[in-house]
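Residues per chain are reported as follows:
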Amino acid sequence: MLEKVKTFKGGHAFGTLNGMPKARIRHCGVPMKVVIPLRQGFGDEVKPIVKKGDKVKAGQIIAIDDNSISSPIHASVNGTISDCESKVVCYENNNKCMSENPAAENQNIEISSVTIESDGLADWQNVENYVADVDLATVEGAFKKLYMSGVTALGLSGIPSPHNTSPVEPDKVTNIVINATNSEPFSLPVSAVVKTREKAFITGLNILSFLFPDAEIDIAIDSGQEESIYGLFNALNGKEDFVMKGVYSDGKLPDKLHINPVKPKYPQGNETVLVETLIGVAPGPKGDFSAIEHGVIVLAAQDVLSIYEAVIEGKPLIERIVALGGAGHSVNHCVGVRIGSSLKSVISHRHKAGVESRIILNSIMTGPTLQNLDIPITKSTNSIISLPENKDREFQSFLRPGIDRGSYSKTFLSAIFRKSVRRADTNINGEPRPCISCNYCEYACPVNILPFLISKYVEHDMVEETEGLNIFDCVECGLCSYVCPSKIPILKHIAEGKQKIRIAAAEDAAAEVEAAAEALAAAEAVSATEAETVADTEATAEAVV
Ligand code: SF4
Ligand code: SF4
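Computed from a predicted model, the values in this text were never measured in an experiment.

Chemist: Outline the site of ligand 1, supporting the account with residue identities and numerical values.
Modeler: In the vicinity of ligand 1, 16 residues are found, and the nearest of them are C445, P451, C474, C477 and C480. Taken together, the elements giving at least two residues each to the shell around ligand 1 come down to helix 13 (479-483) and helix 14 (490-544). Top contributing element to the shell around ligand 1 by residue count: helix 14, with three residues. Per-class residue counts for the shell around ligand 1 are 14 nonpolar, one polar and one charged.

If you want it as structure tokens, here you go:
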């Protein structure tokens, strides 16, 4: 069913920035070497089941651990294992990582890895090699295919299955939200993954409906993308593929599917904001919200296609589509990349010669700035953003018309020429200045808190007061810092405030445990003394008798 346009309070529409990735996919080919981290997407690190010198096929499971919350990891190329000992730096499940947050900057972690020297051949091994023991026509069989393909690691909290892939059981899933929005600049264009593959996308939805028969399915898609909305809507209604014929269709999809156009404002794609916009949200701090704990799975459009590929084509998750956004790249399109390929090798010959750039992973607003480009593409990689470095101050910039200048205020001509392509570089156009009480940060904040006030309290080391201002509702989208004309690093202050409160709470809890242990020891000492006294009294009594 096509729903009315939905939205949330606050947010910001960035418009069209220079270097937006086009919905065209180019395949990178088979790399000569891959480094496969043994933790990707959601879940724990898993143990390698291969050793140096082993020959492997693309699609072969090389690491698996049925005893932890995890999904298997596969070889992404055909070749020979050359290293199983080294660790590699990764940015996994760092969706709350802030470029301007020094604590979060360090959230890159070292993960054990397996290196494969490729033989250059493009073929891959089918996932059905691993599921011969179950009837594929059953829910059990489909779940096993998803698990054995590694697809259950997708989504911020994994896809629940009987194979210990997520914190909740599959029968607790009440809602599935498909994030097909492009509210954030330089994100992977949904049309790149969905438009030419509607049939596969709809079949993926059918499989989800088959696996989670009681769950409502909500797709969120930008309201500007009418073509995509109606294309999908018509595909769903007008073609027999809507109710997929075959073993994985439960015939219920039409009744429980909702296509929700949403206003294309950032941060609509944020998990907390998206779930609240579409289906409401349970009470509790929004910054600590975990959709899966409320029975909601949030997946990207690309994840639905991976579900299709695993269950229908038997293809393990060995490849990812990644958007190249930003004016630092010489081409702005999407690339199909084998997992484990070096990020440096993916962008090196797609980069503008002589342009110094800042490379940011996955999100221009919340992603980490990469110092080291020798990191592997993983199941979590969605976009690689290259912003030209620009620190030069513009002489009397406020006097310039600014038709190409993105801004939250209506100061520049870009506010009138809404379709103009705006500059996107690393220049913040000024230094921090005192707050001018413009309240832009409050208007833009998607969770209805007072960023300027919280920021000020943290700056003055009054973090306790910020709890009353709902600091933990902050979803760390970074919009307050972006819109602030005084260049105040508001989010940095908020993140520091949260950290200080958490550390203080942990110290209090530790002190309480210590005090309880001391009280227990004192009580034991008293009872030991009493026991000795009783024993002495009894001995005396016996002596008297
Ligand atoms: S306070 Fe938090 S949620 Fe609000 S705009 Fe700033 S970063 Fe986003
Ligand atoms: S946007 Fe910046 S200047 Fe405006 S009220 Fe917020 S902190 Fe102050």
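On we go from here.
Chemist: Which residues make up the sheet that holds strand 12 (residues 296-300), and what values go with them?
Modeler: Across a sheet, strands are paired by hydrogen bonds formed along the backbone, either parallel or antiparallel in direction. Across the sheet, which stays open at both edges, the four strands sit in the order 11-10-9-12 with parallel pairing between neighbours. Each having just a single partner strand, strand 11 (257-262) and strand 12 make up the two edges of the open sheet. Mean inter-strand twist for the sheet, computed between neighbouring axes without regard to direction, equals 20 degrees. Where strand 9 (residues 175-180) lies against strand 12, five bridges are found, and the strand directions are parallel.

Chemist: Residue-level account of the confidence of the model for the chain, with values.
Modeler: Taken as a whole, the chain shows an average pLDDT of 86; of its residues, 86% reach a score of 70 or greater. pLDDT under 50 marks residues 94-106. Its contacts with residues more than four places away, or in other chains, come to 32 contacts.

Chemist: Tell me about helix 11 (residues 451-459), and name the residues and values.
Modeler: For helix 11, the set of buried residues is P451, F452, I454, S455, Y457 and V458. D461 sits one or two residues past helix 11 and shows a positive phi near 55 degrees.

Chemist: Let's hear about the sheet that holds strand 1 (residues 25-27): which residues, and what values?
Modeler: Strand order in the open sheet formed by five strands is 1-14-13-16-15, and the pairing between neighbours is mixed. Strand pairing shows two members of the sheet lacking a second neighbour, strand 1 and strand 15 (357-361), which therefore form its edges. On average, adjacent strands in this sheet sit at an angle of 25 degrees to one another, irrespective of strand direction. In the sheet, strand 13 (residues 319-325) pairs with strand 14 (residues 334-338) via five bridges, with the strands oriented antiparallel. Bridge pairing in strand 14 places R320 opposite V337.

Chemist: Kindly report on helix 8 (residues 301-311), identifying the contributing residues and their values.
Modeler: Among the 11 residues that make up helix 8, 10 are buried, leaving the element largely enclosed by the rest of the structure. A301, Q302, D303, V304, S306, I307, Y308, E309, A310 and V311 are the residues of helix 8 that are buried.

Chemist: Account for the pairing of strand 10 (residues 216-222), with residues named and values stated.
Modeler: Counting buried positions along strand 10 gives six out of seven residues, so the element sits mostly inside the fold. With six bridges joining them, strand 10 and strand 11 adopt parallel strand pairing. Residue pairing for strand 11: D218 is matched across the bridge by H258.

Chemist: Tell me about the packing of helix 2 (residues 139-148) against helix 4 (residues 198-211), and please be specific about residues and values.
Modeler: Put simply, helix 2 and helix 4 touch, their axes get as near as 10 Å, and they point 125 degrees apart. With respect to helix 4, the axis of helix 2 lies oblique. As for the relative orientation of helix 2 and helix 4, their crossing is left-handed in sense. The segment helix 2 lies against helix 4, with V139, A142 and F143 engaging I207, F210 and L211. Its residues placed into classes, the contact of helix 2 with helix 4 shows six nonpolar, no polar and no charged.

Chemist: An account of the environment of P167 is needed here, citing residue identities and associated values.
Modeler: Secondary-structure assignment places P167 in the loop between helix 2 and strand 9. For the pair P167 and E293, spaced 126 residues apart in sequence, the C-alpha separation works out to 7.7 Å. Those residues in contact with P167, other than ones at most four positions away along the chain, are I69, S157 and I292.

Procedures and definitions
Residues numbered from 1 in each chain as written. Chains lettered and ligands numbered in written order. Predicted model: local features only at pLDDT ≥ 70, side-chain atom pairs only at ≥ 80, totals over all residues. Near = placed C-beta within 6 Å. Helix = DSSP H or I, 4+ residues; strand = E, 2+ residues; numbered from the N terminus. Nonpolar A, V, L, I, M, F, W, Y, C, P; charged D, E, K, R; others polar. Pairing = 2+ DSSP bridges. Axes fitted to C-alpha atoms, helices over the stretch in contact; angles between N-to-C directions. pLDDT = per-residue confidence, 0-100. Contact = placed C-beta atoms within 7 Å. Buried ≥ 20, exposed ≤ 12 C-beta atoms within 10 Å, placed from the backbone. Parallel < 35°, antiparallel > 145°, perpendicular 65-115°, else oblique. Left-handed = near helix turned anticlockwise from the far one by under 90°.

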